[in-house]
There are 2 protein chains.
Amino acid sequence: MAAAASPLAPAKPTTAPLPARIGRLKALMAKHDCDAIISFKPENSFYLTGFNPIIYSQPVIAIIAPGHEPIMLVHALRDEHSRGSSWLSDIRLFGYWSSKVTLGANWLDALATVLGDLGCSAKRIGIEENFVSIDRMKQLRQALPGAQFTDAGRIIERCRLIKDSDEIGNARIAAKLSDIGMDAAYEALRAGGNEREICVSAMHAMNLHWSVNYPEVEVCDFGSLEGGVQNNLSFWALSGERTFYNCDNPSQRTPKRGDAVTLLSWTIANGIHAENERTVAVGPLPSAYRKAMDDILEIRAEVDVLIKPGVPFSDIYNASKSGLESRRYGAYLPGRIGHSIGLGAHEQFSIDAKSNEVLEPNMLITFEPHIQIYGEIQTQISDTILITAQGREYLTLSHPGYLEV
Amino acid sequence: MAAAASPLAPAKPTTAPLPARIGRLKALMAKHDCDAIISFKPENSFYLTGFNPIIYSQPVIAIIAPGHEPIMLVHALRDEHSRGSSWLSDIRLFGYWSSKVTLGANWLDALATVLGDLGCSAKRIGIEENFVSIDRMKQLRQALPGAQFTDAGRIIERCRLIKDSDEIGNARIAAKLSDIGMDAAYEALRAGGNEREICVSAMHAMNLHWSVNYPEVEVCDFGSLEGGVQNNLSFWALSGERTFYNCDNPSQRTPKRGDAVTLLSWTIANGIHAENERTVAVGPLPSAYRKAMDDILEIRAEVDVLIKPGVPFSDIYNASKSGLESRRYGAYLPGRIGHSIGLGAHEQFSIDAKSNEVLEPNMLITFEPHIQIYGEIQTQISDTILITAQGREYLTLSHPGYLEV
């Protein structure tokens, strides 16, 4: 038996409407002949339950079955926290902890019990084949010998590509926080700060703004079996030759006159990410570098008008590629020029030549064609963009043109 | 062909000694009849290469084969960064990016080529069965039809249980940073801050100290397929009834007189974590709560003397359990009272009744017996402890006794 709800977190009223995604996912399940889904991947189980335990030493399992509201299975240690966070009312426990009464000593026994109760033990069960480990799959086969397993990872990822209204609201907040970080970074760069000083200023500015202004927003990210991420209002800065690292923890290097500096603000609000990246000149850049900055800004303006519903992702890539080739950067093409973003900072869908996806309203993407000539030129500008009914809305609003400090 | 090393990061001299763990792992491989290891799990590939790309949209693969120095396979986008970070000299590339010349368009083709070069394509290859996904396993079986696969996850985790000297040095730094965060949190709590203000102060104090004092230390953590963690000098605070959440993003709740507040500082230095947790009283606690605080401190002191080489993990658990039972907390026993810590904040090995492990020098553990009576009492005190030749050394040094502000 599941323990009674704690007085801390009374059971949610069962009349609360579920987010639109649950309906969309059930329609996709029917289409793909999938009787039930058991979701283990942190981004996905949060998507389907609203609960992020931050640390995933034990799995959070979302169970979606037709004719039943979603069920969440969590470790007893997370009882109070899950009831306080999730929009589900059916939360069940496993594990051994203090005085908690649970469905079984481990998640596997508890899961087999729940699927048995649902009449799904011998049905076609969807699992995330791009996440579930070989070990866990062996355990599932042993505990559910009658079940057939099928991939549900791609169904859930396709579902995530279109954002619900709560997710769009959170994307706006994440983008606003990223703009605040970027402004603080500009200031720290102007004041002569080194890479670390720039980042520490930016993170602190974002945290102060979040702390006061968004009582209902969490800024934790999704952890793993081995750890947790309490705060992912993150920032990094790479200057001079270090820009070619693309991503690195900031160093004590102080940008010098003639350097380009890439400033990268990656934020989160209630699970939804934003990405805001800028390349800033410290005094005038060498002429070929300055030319590349002007070129990439022109290419962005040319391609921008294509970003609207009905346009294939591959058209956005190819238009960027043509813009680069016509300006003689054909030997330095990037593999992709953006990606879907949301519960992942890098979601599954790339904006590249091979993509079969087409832009739709309520998609959230990054747009980031780069010119990268190793040892010479690195332009790194990225915005988070919401696809609207008519076109697009830039959620990140930091200075969009050439900036020299 | 792998691209030539960039001028940014010349190849490391091949005479640099490898960390002791590579030799330990090769000995374990021989014992477990494993001809080669291909490691994908971020904590493990970092352990075996020294490279953390922060974002893992593409895998970093460590390849360990007898008679050959370790090889790292990375995406072309990470060429400069990996050469600047890793202590390996044999780094090979895959993917399609700018002018980079690589072994193949994707990691799978490149990996098959490398294993072919090593003569390992039809050998017994170790993979992390607790991490490698079903999808990835299918790809590996297709690309390496002659190989036999065996589990290497447990071998690597056993190897990680004993820390090398570089890891112990980093644990000391992570613990020092966690103490600085805890001190700043005490101050913010005394000053009347809410949960978020306490955490933002603590994170900022840790970041300022890190930024200035540790030029060679990175504070990023290990990302996933969907995201990255640039900075994990993290802190959380739970006050009053929220202490029963165990872990949650901080709220705007201001601790009030008579509350207990749990303060949790989780830090990292070059991949190695420290954990420092304290329960602080805001004014006098109710008498049963105060009694429980005194009891848990007594239990800690009793069990502390057992923490030394040669003692089974289960003895540490059972001594904690006896201490709780003899003080009438037998109905509220925790499932474990600590765990190994290192590249994971929660590593694999629990200090619980079922453990078969025995304490050895250079193990790094947390020690955290708790009294948790839901809705009434929550004592949460944890230290990071290094097992030494003679006994133990507490690396976290924040105020160890009863603290009232």
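Procedures and definitions
Residues numbered from 1 in each chain as written. Chains lettered and ligands numbered in written order. Predicted model: local features only at pLDDT ≥ 70, side-chain atom pairs only at ≥ 80, totals over all residues. Heavy atoms only, no water. Helix = DSSP H or I, 4+ residues; strand = E, 2+ residues; numbered from the N terminus. Rg over C-alpha atoms; globule rule 2.2 N^0.38 Å. Buried < 20%, exposed > 50% of the residue type's maximum accessible area, 1.4 Å probe, protein only. Contact = heavy atoms within 4.5 Å. Lys, Arg positive; Asp, Glu negative; His and termini not counted. Charge placed at Lys NZ, Arg CZ, Asp CG, Glu CD. UniProt positions renumbered as here; feature names shortened; annotations may be inferred. Least-squares fit on C-alpha atoms with pLDDT ≥ 70 in both. Pairing = 2+ DSSP bridges. Polar contact = N/O pair within 3.5 Å; in protein donor to acceptor, adjacent residues only side chain to side chain. Core = buried A, V, L, I, M, F, W, Y, C linked by side-chain atoms within 4.5 Å. Phe/Tyr/Trp six-rings, centres within 6.5 Å; stacked < 30°, edge-to-face > 60°.

1. Topic: the overall build of chain A
And step 1. Each helix and strand counted, chain A has 10 helices and 15 strands in total.
And step 2. Taking 2.2 N^0.38 as the reference for a compact globule, 405 residues should give roughly 22 Å; the C-alpha atoms of chain A span a radius of gyration of 23 Å, in line with that estimate.
And step 3. Along the three orthogonal principal directions, the C-alpha set of chain A runs to about 70 × 40 × 40 Å.
And step 4. Within chain A, buried positions represent 65% of all 405 residues.
And step 5. For chain A, restricting intrachain contacts to residue pairs at least 6 apart in sequence, the fraction spanning at least 24 positions comes to 67%.
And step 6. The average position of the 38 basic charges and that of the 47 acidic charges among the side chains of chain A differ by 2 Å.

2. Notes on helix H6 (residues 153-161) of chain B
And step 1. Where burial is concerned, most of H6 of chain B is hidden: seven out of the nine residues are buried.
And step 2. Structurally, H6 of chain B contributes buried residues whose contacts are with helix H1 (20-31), strand S1 (36-39), helix H2 (42-49), strand S5 (124-127), strand S6 (148-151) and strand S10 (364-367) of chain B.

3. A few points about the UniProt feature "domain: Creatinase N-terminal" (unreviewed entry) in chain A
And step 1. Here, UniProt's "domain: Creatinase N-terminal" (unreviewed entry) annotation points to residues 21-162 of chain A.
And step 2. Annotation note: span residues 21-162 of chain A, helix share 39%, strand share 18%, distance between end C-alpha atoms 9 Å.

4. Section: the relation of the copies chain A and chain B
And step 1. For these two chains of identical sequence, chain A goes onto chain B by a turn of 180° and a shift of 0.0 Å along the axis, with RMSD 0.0 Å. Such a combination of rotation and displacement between the chain copies is what one expects of a two-fold axis. Every residue of chain A has its C-alpha some distance from the rotation axis, and the shortest such distance is that of Ser133 of chain A, at 2.1 Å.

5. Concerning the pairing of strand S3 (residues 71-75) of chain A
Residues in a regular strand project their side chains so that they alternate between the two faces of the sheet.
All names here are of chain A.
And step 1. Burial analysis of S3 places five of its five residues in the buried class, the great majority of the element.
And step 2. By the alternation rule, side chains of S3 split into Ile71, Leu73 and His75 and Met72 and Val74, which are all buried.
And step 3. With three bridges connecting them, strand S2 (residues 61-64) and S3 associate as antiparallel partners. Directly across from Ala62, in S3, lies its bridge partner Met72.
And step 4. Remark: six residues form the turn of the hairpin made by S2 and S3, two consecutive strands paired antiparallel; Gly67 in that turn has positive phi of roughly 75°.

6. Overview of unusual backbone geometry
And step 1. The residue Asn246 of chain A is not glycine, and still its phi comes out positive at about 70°.
And step 2. Given the relative accessible area of 8%, Asn246 of chain A is considered buried.

7. A few points about the side chain of Gln380 of chain B
Residue and element names in this part refer to chain B.
And step 1. Within the secondary structure, Gln380 sits in the loop between strand S12 (377-379) and strand S13 (383-387).
And step 2. A polar side-chain atom of Gln380 sits 3.2 Å from a polar atom in the side chain of Gln378.
And step 3. If sequence neighbours within four positions are ignored, Gln380 has contacts with Asn246, Thr262, Leu264, Glu277, Arg278, Thr279 and His370.

8. Description of the nonpolar core
And step 1. Formed by 124 residues in total, the largest nonpolar core has its most connected members in Leu25, Phe235 and Leu263 of chain A together with Leu25, Phe235 and Leu263 of chain B.
And step 2. Within the second largest apolar cluster, 34 residues are counted, among which are Met293, Ile307, Ile316 and Tyr317 of chain A.

9. Let's talk about the packing of aromatic side chains
Residue and element names in this part refer to chain A.
And step 1. This model, assessed by the stated rule, comprises eight aromatic pairs over all chains.
And step 2. Ring plane angle 75° and centroid distance 5.3 Å describe the contact between Phe40 and Trp107, whose orientation is recorded as edge-to-face. Of this pair, Phe40 sits in the loop between strand S1 (36-39) and helix H2 (42-49) while Trp107 sits in helix H4 (residues 107-117); the two residues are 67 residues apart in sequence, bridging distant segments of the chain. For the pair shown, Phe40 and Trp107 are each scored as buried.
And step 3. Centroid distance Trp236 to Trp266: 5.1 Å. Interplanar angle 65°. Geometry classified as edge-to-face. One end of the pair, Trp236, is in strand S7 (residues 234-239); the other, Trp266, is in strand S8 (residues 260-269), and 30 residues separate them in sequence.
And step 4. For Trp266, a relative accessible area of 8% corresponds to the buried category.

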